[in-house]
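So you can see what is in the structure, the chains are spelled out below.
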Amino acid sequence: MKRLLQLLVAVACAVPAFGQEGAFLGKWDITGTGKNADSVYWLEVKKERGTLVGYFLNRSGSVYKLPAISIENGELVFDVSGSGGRKQTHRARVVGGKLMGEVTSGSESVKWIGVRPPRWGKYDANAKHTFGKPVELFDGKTVASWDVQAKRKPMGWRLVDGVMTNDAGANNLVSRQKFNNFKIHCEYKLEEKSNSGIYLRGRYELQVLDDFGKPAETHGHMAIYSRVAPAVNASKAAGEWQVMEAVIVGNRVTVTLNGKTAHDNVEIDGITGGALDSNEASPGPIMLQGDHGKVWFRKVTVTPIIK
């Protein structure tokens, strides 16, 4: 009888934990609170072969599968590696449909809030769109259309013969104007072994990379960084001018590089590393990465989609 009672108690305790899994499952756009509002994360919790698994974006870098994730006393718990390899422990509960969490590393902690991504619906980047008036973010004459990401850091960009170029390690440029659905046209070239990025709405990076002749992969030129590899590597050699165009509608994007299709109405699964924020339903700026290698831009044009 005692053994039976122990078994019944164990089952009773396990049922709530099992039932709570459903509240955590799915994708979460995560933002730090208060002074840590620029701390942006992304999480997906799912079941694979009956086991709880998680995929995480730790502010920058790549989306990766967590080594372990669990529910302990009603809390979602997982560890990640932070700067310097220090362990960071995330704990979170679902409260009012939001994921209320905190990450601790030693004596330091950051509270954060996770919300569900938008319900995008059936968007089509290849549909017949009605376009508005083009917005010249860079026309070879001025950088007045741009602000910077790091406010206390020098811009580090300058005009040279009608071209906008950075010093390696410069600031990231953020357009003063925000956009919702649009077409973007960029013309640029890269120094050898250099890289940059073009962020759509400031959240989704299309990788810019000197990878001429290499296989297409999730970190290659025009990849949706760490998420979707381009269909083909259409890169030109370093020092040659390259042309990209992208149309983004909702969470769908079509991208061409040097006249070849890199993405054909591909679904964007979530924000990428280095995103300015995780407010996916809101319009956002264009961001050009300048804090990596050297790059030259001679044209950046955004044409809003009005219908």
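The rules behind these values
Residues numbered from 1 in each chain as written. Predicted model: local features only at pLDDT ≥ 70, side-chain atom pairs only at ≥ 80, totals over all residues. Heavy atoms only, no water. Salt bridge = Lys/Arg side-chain N within 4 Å of Asp/Glu carboxyl O. Pairing = 2+ DSSP bridges. Helix = DSSP H or I, 4+ residues; strand = E, 2+ residues; numbered from the N terminus. Core = buried A, V, L, I, M, F, W, Y, C linked by side-chain atoms within 4.5 Å. Buried < 20%, exposed > 50% of the residue type's maximum accessible area, 1.4 Å probe, protein only. Contact = heavy atoms within 4.5 Å. Phe/Tyr/Trp six-rings, centres within 6.5 Å; stacked < 30°, edge-to-face > 60°. Lys NZ or Arg CZ within 6 Å of the ring centre and 35° of its normal.

Undergrad: Could you clarify how one ought to interpret the pattern of salt bridges in this entry?
TA: Between side chains of opposite charge, a pair can form as their charged atoms come close. Under the counting rule described, the total for this entry stands at 15 salt bridges. Between lysine 151 and aspartate 147 there is a salt bridge; the shortest N-O distance is 2.7 Å. Sharing partners across several salt bridges, the network here consists of Glu72, Glu75, Arg91 and Arg93.

Undergrad: Even after reading the chapter, I still don't get the sheet that holds strand S16 (residues 195-200), so can you show me in this structure?
TA: In any sheet, the strands associate via hydrogen bonds between backbone groups, in a parallel or an antiparallel arrangement. Read from one edge of the open sheet, five strands run S11-S14-S21-S16-S17, paired in antiparallel fashion. Looking at the sheet topology across the chains shown, the edges are occupied by strand S11 (146-148) and strand S17 (204-209). Pairing of S16 with strand S21 (residues 287-288) involves two bridges; the strand directions are antiparallel. Across the sheet, isoleucine 198 pairs through a bridge with leucine 288, a residue of S21.

Undergrad: Please explain the nonpolar core as it appears in this structure.
TA: In a soluble, globular protein the nonpolar side chains are often hidden away together inside. Core analysis: the biggest nonpolar cluster contains 44 residues, and Ile184, Tyr188, Ile198, Met222, Met244, Ile286 and Phe297 have the highest contact counts within it. Ranked by the residues each element gives to this core, the list is headed by strand S15 (residues 182-190), at five residues. What tyrosine 188 contacts, discounting residues up to four positions off in sequence, is Ile198, Val208, His221, Met222, Glu240, Trp241, Gln242, Met244, Leu257, Val295, Trp296 and Phe297.

Undergrad: Would you mind going over the packing of aromatic side chains with me for this structure?
TA: The relation between two aromatic rings is expressed through the spacing of the ring centres and the mutual angle of the planes. For the coordinates displayed, the defined rule picks out six aromatic pairs. Grouped by ring-pair contacts, the aromatic residues Tyr41, Phe56 and Phe78 constitute a single cluster. When the ring centre of phenylalanine 131 is taken as reference, the NZ or CZ atom of lysine 183 above it lies at 4.8 Å. The ring of tryptophan 296 has lysine 189 sitting right over it, with the charged end atom 5.3 Å from the ring centre.

Undergrad: Explain the sheet that holds strand S2 (residues 40-48) here, please?
TA: With respect to topology, nine strands assemble into an open sheet ordered S4-S3-S2-S1-S9-S8-S7-S6-S5, the strand pairing being antiparallel. Looking along the sheet, the strands with just one partner apiece sit at the ends: strand S4 (64-65) and strand S5 (69-72). In the sheet, strand S1 (residues 26-32) pairs with S2 via six bridges, with the strands oriented antiparallel. Opposite glycine 26, over in S2, you have valine 45 as the bridge partner.

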